[in-house]
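# Examination of the molecular architecture
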Amino acid sequence: MIGDMNGPVIGLTSRTLALEAARKTRPTETVSRSYVEAIEGAGGLAVLLPNAGPAEAERYLDLLDGILLTGGDDPHPRVFGEEPHPRIELVDERRDGFEIALVRGARERGTPILGLCRGVQMLNIACGGDIYQDIASQTDSKLQHAQRRLDDGPWHEIEIRGGTRLARILGAGRRRVNSFHHQACRRPGEGLEITAVAAGDGLTEALEDPRHPFLLGVQWHPELAPDEKKLFEAFVEAAGEQARTASKETRSGRSGR
Ligand code: MN
């Protein structure tokens, strides 16, 4: 048995890959094992979500207590109204559309949602914000955000702002995080607050919606950092709280009150 058998059900978004192992003939939905283990380690039940349409996103939200937006390839710039920059890498518009629908639905319903790396960018885009398509060519940052270390260890410093949910979870002030991105959040979406910036260039490293039960994203990969389990624990706890509230509402609905 893994984790808590009564733990909340967390949907993990996936990456559609043409796998070498499948002779590239059949696209395959994939999720890195590290995300699954991070959710299970925090007491949640991980469910893989195949990329689908906006209507399916609503149906998934009916079934789930929380959503984890995993890392992945570049969002198509069309989703924030721009033409592709020459440095744009792989895109998948079906995944973009599905994740945007999940974020908007989760925001409206109060469903806890955690975005990691590409996930924080998708949170921002879905709330009306945008991103730098390529940090190196669109900003004057001298900081290398696509880390060159061979392991996944911390690479650059960030500053977490006090008084935020992120600060309550990980602590305010300086912290070293890993960094595997060439894009970054630019203008924050409606109602979102920047909760951490990179030391050195001030680029956004974390965002949250202070009016939502748990809508938070970070630009790094906490699932690869042994000292950041607290982030998954706080997320799964919020999802558990959401599940209990929802089941109470259902029960009182059935009894006609
Ligand atoms: Mn970074």
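Quick caveat, the model's predicted, so the values are computed rather than measured. (Residues numbered from 1 in each chain as written. Predicted model: local features only at pLDDT ≥ 70, side-chain atom pairs only at ≥ 80, totals over all residues. Heavy atoms only, no water.)

### A look at the overall build of the protein
Rules: A run of H or I in DSSP counts as a helix once it spans at least four residues, and a run of E counts as a strand once it spans at least two, with each numbered from the N terminus. Computation of the radius of gyration draws on C-alpha atoms, with the globule rule given as 2.2 Å multiplied by the number of residues to the power 0.38. Only protein chains enter the accessibility calculation, which uses a 1.4 Å probe; a residue whose area is less than 20% of its type maximum is buried, one above 50% is exposed, and one in between is partly exposed. Two residues qualify as a contact provided that any one of their heavy atoms is within 4.5 Å of a heavy atom in the partner residue. Only the protein chains shown count as covering a residue, and every accessible area follows the Shrake-Rupley method with a 1.4 Å probe. In this charge count, Lys and Arg are treated as positive and Asp and Glu as negative; neither His nor the chain ends contribute. By convention, the point assigned to a charge is CZ for Arg, NZ for Lys, CD for Glu and CG for Asp.
Within the protein, the regular secondary structure consists of seven helices and 13 strands. What you see for the protein is a C-alpha radius of gyration of 18 Å, in line with the 18 Å of a compact globule of 257 residues. Out of the 257 residues in the protein, the part that is buried amounts to 50%. The contacts of the protein with a sequence gap of at least 6 include a subset with a gap of at least 24, amounting to 68%. Put simply, the protein shows about 12500 Å² of open surface, and 50% of that area lies on carbon and sulfur atoms. Counting 33 positive and 39 negative side-chain charges, the protein places the averaged centre of each group 2 Å from the other.

### Considering the nonpolar core
Let me state the cut-off plainly: In this text, buried Ala, Val, Leu, Ile, Met, Phe, Trp, Tyr and Cys residues form a nonpolar core when linked through side-chain atoms within 4.5 Å.
Leu12, Ile39, Leu68 and Leu166 are the most contacted members of the largest nonpolar core, which totals 32 residues. Of all elements in the fold, only β1 (9-13), α1 (33-41), β6 (113-116), β8 (156-160), α6 (165-170), β13 (215-218) and α7 (229-254) reach the threshold of two or more residues within this core. Sorting elements by how many residues they give to this core places α7 first, with seven residues. Among all residues touching isoleucine 39, those that are not within four sequence positions of it are Ile10, Leu12, Gly44, Leu45, Ala46, Leu68, Phe232, Phe235 and Val236. Counting residues in hydrophobic clusters, the runner-up holds 26 residues, among them Leu69, Phe80, Ile100 and Ile125.

### Quick notes on the coordination of the manganese ion
Put simply, the rule reads: The rule for donors is simple: N, O or S, within 2.8 Å of the metal, or within 3.2 Å if the metal is Na, K or Ca. Water isn't counted, so a site may look like it is missing partners.
Taken together, His145 (ND1), His156 (NE2), Ser179 (OG), His181 (NE2) and Glu205 (OE) make up the full set of protein donors to the manganese ion, lying 2.2 to 2.4 Å away. Mapped onto the polypeptide sequence, the residues donating to the manganese ion form the spacing pattern H-x10-H-x22-S-x1-H-x23-E. Of this pair, histidine 156 sits in strand β8 while histidine 181 sits in the loop between β9 (173-177) and β10 (184-185), placing them 25 residues apart in sequence. The two residues histidine 156 and histidine 181 agree in class, both being buried.

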